[in-house]
Amino acid sequence: MNYNWDWGVLVTAPYFGWIISGLGWTLAVAACAWLIAFTLGSIIGIMRTTDNPVARSIGAGYVEVFRNIPLLVQMFLWYFIFPELLPEAWGTWVKRGIPLPEFWTAVVCLGTYTASRVAEQVRAGINAISLGQKQAAMAIGLAPMQVYRYILLPVSYRTIIPPMTSEFLGIFKNSSLALTIGVLELTAQTRQIEEYTFQGFEAFTAATILYITVTFIVMTAMAVVEKKMAIPGMISLGAK
Amino acid sequence: MFSDFDFDVVINAIPFLWEGMQLTFLLTFLAITGGLFLGVLLALSRLSHIKVLSFAAGSYVNFFRSMPLILVIFWFYFLVPFIVGRPVGGFYSVLVAFTLFEAAYYCEIMRAGIQSVRISQVQAGQAIGLSYSQNMRYIVLPQAFRNMTPILLTQAVILFQDTSLVYVVGLHDFLVNAEIVATRENRLIELFSTVAVVYFVLCLSFSLSIRKLQKRFSI
């Protein structure tokens, strides 16, 4: 193996800047997509626990559709097909009108996909609460909305912190798929450095270390949160 | 918008798409086989009493689980020809990447499966004088496999979907072949919606049969 080691390439211009900006885009995509995933996923998950058969089947259908199509195919559907299905003016706006169309497409795609996984966690968290709590809440005269707001959701969100952390780390890693539609996130930038300099080993090592570091930080932070939020006398209930 | 949906383009592309699908199936099958084999070794190492072994296996799993699959694919696309010393073609590089990556996930599934076997079963095995390997072979693993089979199969569905990521190195799998036709014929809607429907039907029917199996199979 003859390979010209040159770790210096990582800190020379413009490559150092590429890595930093790549990390920035990765975090931005992951954070924005997580907002969608968390909100939408909670709504879908809650829908699947209600007594309304229509809401339940909409929730179930959503989860099946988004879990059974590869994420990359979903990315292409959002990027190439979705604008075509809209009325023409809207389609043009999605393609060209909004700033950073690739970025927002990736955010929506990752958000809606992860929402289906978050929904399953939220549903599992709610279903794991003993029936007595719900009955007690109804017995003291709370409306269904209040039962969720004051009893079921606070308990379930506290118990599903570990699987939700994994889902967030999933979105963080999956944000690398954004490179297929042209978002220059961390993986794309290091791949580009490899192509420009042939220092693939150094470039990919940098990306690997950054991914591992962020994962480690998130896991450490969430372990603290989990401890703080733990419900006394309960072991974690979230689904795998 | 669907009024000019051109079915002929899709029908004419079927042989070419099938060629791609064969690569998808082959890659899935080989990566599952390799991943399972390596995964068993990793899981046994992780549960081993030898500290070095369990630490090494644990680090392997954490390492691969904190990396995006695309980065792993790029890594091995770059590394494998280097290690072998000559170009080997994308397929083998990607196969190595998928096998090593999946092994980490299979390891965790199997570890959970093995740990779900009650300790009294192991003790009973020891009491009747089974050695460690006999105990594993006749008592623990048969029960563990029944517990983890549904999850292993679900992971196989996920792997089947993930093989579409070979797109990033341009291997001609199902999705890439569809994209080639789509660009050539300028028929993106037809081809991409076909791909989505095919994947959806395959994955959904497989997931549903796993759920059925799970009901029959669980201890």
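Caption draft 1: Geometry of the overall build of chain A. Looking only at helices and strands, chain A features 10 helices and zero strands. The linear arrangement of helices and strands in chain A, starting from the amino end, is α-α-α-α-α-α-α-α-α-α. Seen through its C-alpha atoms, chain A measures out along the principal axes to roughly 75 × 50 × 30 Å. Looking at chain A residue by residue over its 240 residues, the buried ones come to 38%. Within chain A, contacts between residues at least 6 apart in sequence are counted, and of these 78% link residues at least 24 apart.

Caption draft 2: Just the overall build of chain B, in detail. Within chain B one finds eight helices and zero strands. From first element to last, N terminus to C terminus, chain B shows the α and β order α-α-α-α-α-α-α-α. Dimensions of chain B along its principal axes, counting C-alpha atoms only, are 70 × 45 × 25 Å. Evaluated residue by residue, chain B yields a buried proportion of 37% over its 219 residues. Of all intrachain contacts in chain B linking residues separated by at least 6 positions in sequence, the fraction that spans at least 24 positions is 70%.

Caption draft 3: Geometry of helix α3 (residues 71-85) of chain A. Helix length check: α3(A) (15 residues) gives 20 Å between terminal C-alpha atoms against 21 Å at 1.5 Å per residue, within 8%. Of all the bends in α3(A), the greatest measures close to 40° and is centred on W78(A). Contacts from the buried residues of α3(A) go to α5 (101-127) of chain A together with α7 (174-185) and α8 (188-217) of chain B.

Caption draft 4: Representation of helix α2 (residues 53-67) of chain A in the model. Given a rise of 1.5 Å per residue, 15 residues ought to cover 21 Å, and the 21 Å separating the end C-alpha atoms of α2(A) matches this to within 8%. Turning to α2(A), the residues buried within the fold contact α1 (15-47) and α5 of chain A.

Caption draft 5: The interface of chain B and chain A, seen in detail. Taken together, the contact between chain B and chain A spans 27 residues of the former and 29 residues of the latter. Within the residue set of the side of chain B that touches chain A, elements represented by two or more residues are α3 (69-84) and α8 of chain B. Ranked by the residues each element gives to the side of chain B that touches chain A, the list is headed by α8(B), at 11 residues. Here the side of chain B that touches chain A is built from residues that sort into 22 nonpolar, five polar and no charged.

Caption draft 6: Up close: the nonpolar core. Ranked by internal contacts, the top residues of the largest apolar core, which has 107 residues, are V29(A) and I73(B). Ranked by the residues each element gives to this core, the list is headed by helix α4 (residues 90-115) of chain B, at 13 residues. Beyond its immediate stretch of four places on either side in the chain, V29(A) contacts F103(A), A106(A), V107(A), L110(A), S175(A), A178(A), V183(A) and E185(A).

Caption draft 7: Inspection of the confidence of the model for chain B at higher detail. In this model, chain B carries a mean pLDDT of 91, and residues with pLDDT of at least 70 account for 99%. Confidence metrics for the complex model read pTM 0.90 and ipTM 0.89.

Caption draft 8: Geometry of the confidence of the model for chain A. Averaged over every residue, the pLDDT of chain A is 91; residues scoring 70 or more account for 96%. Confidence drops under a pLDDT of 50 for residues 236-240 of chain A, and excluding neighbours within four residues, the segment shows 17 contacts in the predicted structure.

Caption draft 9: Expanded view of unusual backbone geometry. Residue and element names in this part refer to chain A. Along the chain, A13 connects to P14 via a cis peptide bond; the corresponding omega equals 0°. You can see P14 is positioned in the segment before α1. If you check the backbone angles, F198 has positive phi at about 65° while not being a glycine. Looking at the secondary structure, you find F198 in the loop between α9 (186-197) and α10 (200-229).

Caption draft 10: Expanded view of the environment of V94(A). All names here are of chain A. Note on placement: V94 falls in helix α4 (residues 88-97). V94 sits in the partly exposed class, given 19 other C-beta atoms within 10 Å. Spatially, the C-alpha atoms of V94 and T187 are 25 Å apart, while their sequence positions differ by 93 residues. If we ignore the near neighbours within four places in the chain, the residues touching V94 are P83, L86 and P101.

Caption draft 11: Expanded view of the packing of α10(A) against α3(B). Contact geometry for α10(A) and α3(B): axes closest at 11 Å, N-to-C directions at 155°. Relative to α3(B), α10(A) is oriented roughly antiparallel. Considering only the axes of α10(A) and α3(B), their crossing is left-handed. Along the contact surface, α10(A) presents G200(A), F204(A), A207(A), T208(A) and Y211(A), while α3(B) presents L71(B), F74(B), W75(B) and F78(B). A per-class count over the contact of α10(A) with α3(B) returns seven nonpolar, two polar and no charged.

Caption draft 12: Spatial organisation of the packing of α2(A) against α5(A). Residues and elements named next belong to chain A. Contact pair α2 / α5: the axes reach a minimum separation of 9 Å and the direction vectors enclose 125°. Comparing their axes, α5 and α2 come out oblique. Relative to α5, the crossing made by α2 is left-handed. Listed contacts from α5 to G59, Y62, V63, F66 and R67 of α2 are T112, Y113, S116, A119 and E120.

Caption draft 13: Structural detail: the environment of A203(A). Residues and elements named next belong to chain A. Mapped onto the secondary structure, A203 falls in helix α10. Overall, A203 belongs to the buried group, with 26 C-beta atoms counted inside 10 Å. Separated by 79 residues in the primary sequence, A203 and A124 have C-alpha atoms spaced 40 Å apart.

Criteria and thresholds
- Residues numbered from 1 in each chain as written.
- Chains lettered and ligands numbered in written order.
- Predicted model: local features only at pLDDT ≥ 70, side-chain atom pairs only at ≥ 80, totals over all residues.
- Helix = DSSP H or I, 4+ residues; strand = E, 2+ residues; numbered from the N terminus.
- Buried ≥ 20, exposed ≤ 12 C-beta atoms within 10 Å, placed from the backbone.
- Contact = placed C-beta atoms within 7 Å.
- Expected span 1.5 Å × (residues − 1).
- Bend = angle between axes of the 7 residues up to and from the residue.
- Nonpolar A, V, L, I, M, F, W, Y, C, P; charged D, E, K, R; others polar.
- Core = buried A, V, L, I, M, F, W, Y, C linked by C-beta atoms within 7 Å.
- pLDDT = per-residue confidence, 0-100.
- Axes fitted to C-alpha atoms, helices over the stretch in contact; angles between N-to-C directions.
- Parallel < 35°, antiparallel > 145°, perpendicular 65-115°, else oblique.
- Left-handed = near helix turned anticlockwise from the far one by under 90°.

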